[in-house]
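# Working through the structure, step by step
If you want the building blocks of each chain, they are given just below.
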Amino acid sequence: VHFSQIHFAHLSYHIKQPVDYVNLFIGTEKSSPHTVWESRGATFPGVLRPFGMVQITPNGYMYSDKKIQSFSFINHASGYFSTGSFNLMAFTGDSIGKEKIAGNFDHANEMATPYCYQVILKNSGINAAFTATERTALCTFTFTQSATGHFVLSDITNAIVIDSNTISAPCQGY
């Protein structure tokens, strides 16, 4: 008696949900008719939960930008401005300065959904990825093996280093 085995490949597919159709880049460029934000785009390609406390996005993002200066965790700096941005930027090399840490990028290596923002910074090869919970921002920076990575934090006060993976600071006014 000869038995043959039949193997079924595991077929996985993703059924699109309404959130998968959201284009976070709409409204991120200057507009010719002035709005309450004048000619600045009033949206940002960032991650935030409904009623969440954090909104993670490249700071001051405009679709025509070629550089990301930093990533903001509280204030997206598009439209209305406020204080207390809690900015973070990863970079490689030994120099610190606004132009030295800015990351070049292009839209071919950028992805934005309501639940994830990810970009590869061309000049350093850093892969930056972000998501958010109701009260917390989660981020991953992946450096190339040959690079020494550094971080710059700005626009924060009373920051506390909890451990090698955790920094905590109050939002201004809370």
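Scroll up a little and you will see the structure.
Values in this document were obtained by computation on a predicted structure and should not be read as measured data.

### Considering the packing of aromatic side chains
What the rule picks out here adds up to ten aromatic pairs. Where Tyr61 meets Phe105, the ring centres are 6.3 Å apart and the plane angle is 40°; that geometry is what we call tilted. On the criterion of sequence distance, the pair formed by Tyr61 in the loop between strand 1 (57-58) and strand 2 (67-68) and Phe105 in the loop between strand 5 (103-104) and strand 6 (110-113) is long-range, its members being 44 residues apart. For the pair formed by Tyr61 and Phe105, the shared burial category is buried.

### Section: the sheet that holds strand 7 (residues 116-121)
In space, the four strands of this open sheet follow the order 6-7-8-9, with antiparallel pairing throughout. A strand with exactly one partner marks an edge of an open sheet, and here the two such strands are strand 6 and strand 9 (137-142). Across the sheet, the axes of successive neighbouring strands diverge by a mean angle of 10°, strand direction being ignored. Taken together, the four bridges between strand 6 and strand 7 define a ladder with antiparallel strand orientation. Along strand 7, the bridge assignment pairs Glu110 with Val119.

### Some details on unusual backbone geometry
At Phe51, a position not held by glycine, the phi torsion is positive, near 65°. By the secondary structure assignment, Phe51 is in the segment before strand 1.

### A few points about the side chain of Thr28
Along the chain, the position of Thr28 falls in the segment before strand 1. On the basis of relative accessibility, which here comes to 1%, the residue Thr28 falls in the buried class. Side-chain polar atoms of Thr28 contact the backbone oxygen of Phe25, separated by 2.8 Å.

Rules of the game
Residues numbered from 1 in each chain as written. Predicted model: local features only at pLDDT ≥ 70, side-chain atom pairs only at ≥ 80, totals over all residues. Heavy atoms only, no water. Phe/Tyr/Trp six-rings, centres within 6.5 Å; stacked < 30°, edge-to-face > 60°. Helix = DSSP H or I, 4+ residues; strand = E, 2+ residues; numbered from the N terminus. Buried < 20%, exposed > 50% of the residue type's maximum accessible area, 1.4 Å probe, protein only. Pairing = 2+ DSSP bridges. Axes fitted to C-alpha atoms, helices over the stretch in contact; angles between N-to-C directions. Polar contact = N/O pair within 3.5 Å; in protein donor to acceptor, adjacent residues only side chain to side chain.

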